[in-house]
Amino acid sequence: MEVKIGVQHSPRELVLESAQTPAEVEQAVTEALAKDGVLSLTDEKGRKVIIPVAKVAYVEIAEASHRPFGFTTR
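What counts, and at which threshold
All residue numbers refer to positions counted from 1 along the written sequence of the respective chain. Given that this is a predicted model, residues contribute local features only at a pLDDT of at least 70 and side-chain atom pairs are listed and counted only at 80 or more, while totals for whole chains, interfaces and linings are drawn from all residues. Side-chain descriptors were evaluated using all non-hydrogen atoms of the structure, hydrogens and water having been removed beforehand. Each helix corresponds to a stretch of at least 4 residues labelled H or I by DSSP, and each strand to a stretch of at least 2 residues labelled E; elements are numbered beginning at the N terminus. Working rule for helices: expected span equals 1.5 Å times residues minus one. In this description, contact between two residues means that some pair of their heavy atoms is separated by no more than 4.5 Å. Strands qualify as paired when DSSP identifies two bridges or more between them. Between N-to-C directions, angles cover 0 to 180 degrees, with each direction set by a line fitted to C-alpha atoms, over the stretch in contact for helices.

Going by an unreviewed UniProt entry, the protein chain carries the name ATP-binding protein and comes from Actinoplanes utahensis.

Following this line, the structure appears as structure tokens:
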């Protein structure tokens, strides 16, 4: 699953591939916002991303898109 996080005052968004379900990511975001603490997510490679909730502009949760590559015919 792909998670995009917009950070205030940053021109780029953070994008990570997560093995968590959309419901788990949504719950983590909701809990972090309620506590006014930090948002902590782990990507598929085990790397942890920690963001202060006060700096989060938005969180987009989407299924990972599998793009065809190489020589394909449609």
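More follows now that the structure is in view.
*Asks:* Whenever I open this one, helix H1 (residues 22-35) confuses me. Can you help?
*Replies:* The terminal C-alpha atoms of H1 lie 20 Å apart, and with 14 residues this matches the ideal 20 Å at 1.5 Å per residue to within 8%. As for H1, its buried residues are in contact with strand E1 (2-7), strand E3 (38-42) and strand E5 (56-62). Positioned one or two residues after H1, Asp36 has a phi angle of 55°, which is positive.

*Asks:* I tried to follow the sheet that holds strand E2 (residues 14-17) on my own but got confused; where do I start?
*Replies:* Paired through their backbone hydrogen bonds, the strands of a sheet run either parallel or antiparallel. Here 3 strands make up an open sheet; going across it, the order is E2-E1-E5 and the pairing antiparallel. Both edges of this open sheet fall to E2 and E5, since each of them pairs with a single strand only. Going across the sheet, the axis of each strand differs from the next one's by a mean of 15°, ignoring polarity. The pairing of E1 with E2 spans 4 bridges and is antiparallel. Bridge assignment links Glu2 to a residue of E2, and that residue is Glu17.

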